[in-house]
Amino acid sequence: MSELLALRSYFIRCVARSDKVGFSFRDGREFLGWVAEVEEGRILVSWAPGPFDDPVGDGNGEDDGEWVAFTSIRPGTVGHYDWTVRRWVSMLG
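No experiment lies behind these values; they were computed from the predicted model shown.

> What exactly am I supposed to notice about the environment of Gly 79 here?
Note on placement: Gly 79 falls in strand β5 (residues 79–82). Classification of Gly 79 as buried rests on a relative accessible area of 7%. Sequence spacing of Gly 79 and Met 91 is 12 residues, and the spatial spacing of their C-alpha atoms is 4.9 Å. Those residues in contact with Gly 79, other than ones at most four positions away along the chain, are Tyr 10, Lys 20, Val 21, Gly 22, Trp 88, Val 89, Ser 90 and Met 91.

> Explanation requested: the pairing of strand β3 (residues 42–47) in the structure shown.
Here is the key point about a regular strand: its side chains alternate between the two faces of the sheet. Looking at chain direction, strand β2 (residues 30–38) and β3 are connected through five bridges and run antiparallel. By the bridge assignment, Val 35 is partnered in β3 with Val 45. In the sheet, β3 pairs with strand β4 (residues 66–69) via four bridges, with the strands oriented antiparallel. In the sheet register, Leu 44 faces β4, and the bridge partner there is Trp 67.

> In this structure, what is going on with the packing of aromatic side chains? I would like to understand it.
Aromatic rings in a pair are described by how distant their centres are and how their planes are angled relative to each other. Counted by the stated rule, this structure contains nine aromatic pairs. With a centroid separation of 5.3 Å and 65 degrees between ring planes, the pair formed by Phe 23 and Phe 25 is classed as edge-to-face. Here Phe 23 matches Phe 25 in class, with each residue buried. With 5.6 Å between their ring centres and 70 degrees between their planes, Tyr 81 and Trp 88 make a pair best called edge-to-face. Given a relative accessible area of 40%, Trp 88 falls into the partly exposed group. Chaining the aromatic ring pairs together yields one cluster made of Tyr 10, Phe 11, Phe 23, Phe 25, Phe 31, Trp 47 and Phe 70. Here Arg 29 stacks its cationic end above the ring of Phe 25, 4.1 Å away from the centre of that ring. Here Arg 42 stacks its cationic end above the ring of Trp 67, 3.8 Å away from the centre of that ring.

Scoring rules and cut-offs
Residues numbered from 1 in each chain as written. Predicted model: local features only at pLDDT ≥ 70, side-chain atom pairs only at ≥ 80, totals over all residues. Heavy atoms only, no water. Helix = DSSP H or I, 4+ residues; strand = E, 2+ residues; numbered from the N terminus. Buried < 20%, exposed > 50% of the residue type's maximum accessible area, 1.4 Å probe, protein only. Contact = heavy atoms within 4.5 Å. Pairing = 2+ DSSP bridges. Phe/Tyr/Trp six-rings, centres within 6.5 Å; stacked < 30°, edge-to-face > 60°. Lys NZ or Arg CZ within 6 Å of the ring centre and 35° of its normal.

Structure (structure tokens):
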């Protein structure tokens, strides 16, 4: 399975379970929150509340979500929080 298909399948499962997700962007940003929607080559993410007023950088201080292309994600950094074992689980693990 290609890397992009693997990411898509993984995020579809995370949406179905409402998993909290974390990963690194290729531009150095870190994401922590939820995936709200999955499309062919991108996801709509909703940032978890945090100390920053404007995680999306649009100036309004609200999280309306952000579309993220799979190609902008560092695949080895993707994981979700598994409440059954109370720890973060890597997509690769």
